[in-house]
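Breakdown of the fold
Given next are the chains, with one letter for each unit.
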Amino acid sequence: MFGKYLVGIRSAFMLACLLVQVAQAVNKGAEHIENKSVEQKIEKHTEFVVENGKTIVLSTTMQNPKPIMFNKRAYQWVAHPSDTTKKIVILAIPYHTKPSIIALESGAKVEVVQGNYKKESIQVSQSKAKPNPKNQERIKRERDEANAIYSNYSQERLWDSAFVLPMQSKITSSYGNARVFNGEIRSYHSGTDFRAAIGTKIFASNRGKVVIAKERFLAGGSVVLDHGEGVFSMYYHCSEIKVKVGDIVEKGTLVALSGATGRVSGPHLHFGILVRGAQVDPLDFIAQVNGLFASN
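Because the structure is a prediction, the values reported are computed rather than measured.

1. So, the overall build of the protein chain
For the protein chain, the count of helices and strands is four helices and 23 strands. Counting across all 296 residues of the protein chain, residues that qualify as buried make up 54%. In the protein chain, of all internal contacts separated by at least 6 residues, the share reaching a separation of at least 24 is 70%.

Laid out in structure tokens, this is it:
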């Protein structure tokens, strides 16, 4: 149907393009990824479709558009990174969002549909699968600390170019899979796992500020970058951290070495993206946001 953009279906095509481009990576293993996404221009009666756990980028030429209210949050329109005539809003759909309709000021609508996510079984040590009370307290403390950081993000956008992947490697586990630890469903996979032998270099996906650089119970060696305007990138299970809290790092900067720390079944890199408190598919996020640089 003319005017209806199937974001969830189109994401599969963009992901295939993205993975082909990773094989051509340069610049310390993290080349700029060619942009294949098209930003969604809001017009009257237009209907958009997006899966839970995915990202949709809307743009408008309106001078003072009203914030979009979704999931009890107000999403403000901000400057387009490469077109001064437009404003954008990056709408991150949390994984647990039920099918619903978001009405926009122009009369357009965004329909949230259920994504087709799989289940995967993982065997880990019993102490990691069912932490004792002391470790449960540690997990809660580390979660609360992280949530406080995520709610106090930089208001300034720290990036002005396309995002890149943190390494070139085979993907071993996709975003959104239900995680069955030692036979029991415990969570969903909030990021993308890359195969990585211990000591593989990990690079910053874009310019940002280091806000977490430490060992944690579940995530192991962790680096988190604040990219501004509520966008964070996460690099987990590292064996060695190369940055410290407060550092401003450029895109492609070496931030850590991969490892097998935290709750893991073997060495790999867990790469995640969080937007305004919602952990979304990082490969889809990159494809959607990088489209802002391809449309001009």
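2. Notes on the pairing of strand 22 (residues 268-275)
Here strand 22 lies mainly inside the structure; eight of its eight residues are buried. Burial of the side chains of strand 22 extends over both faces: His268, His270, Gly272 and Leu274 are buried on one face and Leu269, Phe271, Ile273 and Val275 on the other. Where strand 15 (residues 192-195) lies against strand 22, four bridges are found, and the strand directions are antiparallel. Within the sheet, the bridge partner assigned to Arg195 lies in strand 22 and is His268. Looking at chain direction, strand 19 (residues 231-241) and strand 22 are connected through six bridges and run antiparallel.

3. Notes on the environment of Pro166
Examined against the element boundaries, Pro166 turns out to sit in the loop between helix 3 (133-150) and strand 12 (171-173). Along the chain, Pro166 and Ile202 lie 36 residues apart, while their C-alpha atoms are 5.4 Å from each other. In this view, Pro166 contacts Phe194, Lys201, Ile202, Phe203, Tyr235, Leu269 and Phe271; residues no more than four positions away in its chain are not counted.

4. Section: the environment of Lys209
Take Lys209: it is sitting in strand 17 (residues 208-216). Note: C-alpha distance between Lys209 and Leu158 (51 residues apart in sequence) is 8.1 Å. Setting aside chain neighbours within four positions, we find Lys209 in contact with Leu158, Val224, Leu225, Asp226, Gly246, Asp247 and Ile248.

5. What to know about the side chain of Ser222
As for its position among the elements, Ser222 is in strand 18 (residues 220-228). Here the side chain of Ser222 touches Gly220 through a polar contact of 2.7 Å, landing on its backbone oxygen. With sequence-adjacent residues up to four places away left out, Ser222 is seen in contact with Ile212, Ala213, Lys214, Arg216, Tyr235, Tyr236 and Ile241.

6. So, the pattern of salt bridges
Under the definition given, this model contains nine salt bridges. For Lys86, the salt bridge is made with Asp83, and the minimal N-O distance between the two is 3.7 Å. Note on Lys86: relative accessible area 14%, which makes it buried. Between Glu145 and Lys214 there is a salt bridge, with its nearest N and O atoms 3.2 Å apart.

7. Structural notes on the nonpolar core
In this structure, Ile202, Phe271, Val275, Phe285 and Val289 are the most contacted members of the largest nonpolar core, which totals 33 residues. Within the residue set of this core, elements represented by two or more residues are strand 8 (87-92), strand 18, strand 19, strand 21 (254-258), strand 22, strand 23 (278-280) and helix 4 (282-290). Excluding residues within four positions of it along the chain, Val289 makes contact with Val57, Ile90, Trp159 and Phe163.

Scoring rules and cut-offs
- Residues numbered from 1 in each chain as written.
- Predicted model: local features only at pLDDT ≥ 70, side-chain atom pairs only at ≥ 80, totals over all residues.
- Heavy atoms only, no water.
- Helix = DSSP H or I, 4+ residues; strand = E, 2+ residues; numbered from the N terminus.
- Buried < 20%, exposed > 50% of the residue type's maximum accessible area, 1.4 Å probe, protein only.
- Contact = heavy atoms within 4.5 Å.
- Pairing = 2+ DSSP bridges.
- Polar contact = N/O pair within 3.5 Å; in protein donor to acceptor, adjacent residues only side chain to side chain.
- Salt bridge = Lys/Arg side-chain N within 4 Å of Asp/Glu carboxyl O.
- Core = buried A, V, L, I, M, F, W, Y, C linked by side-chain atoms within 4.5 Å.

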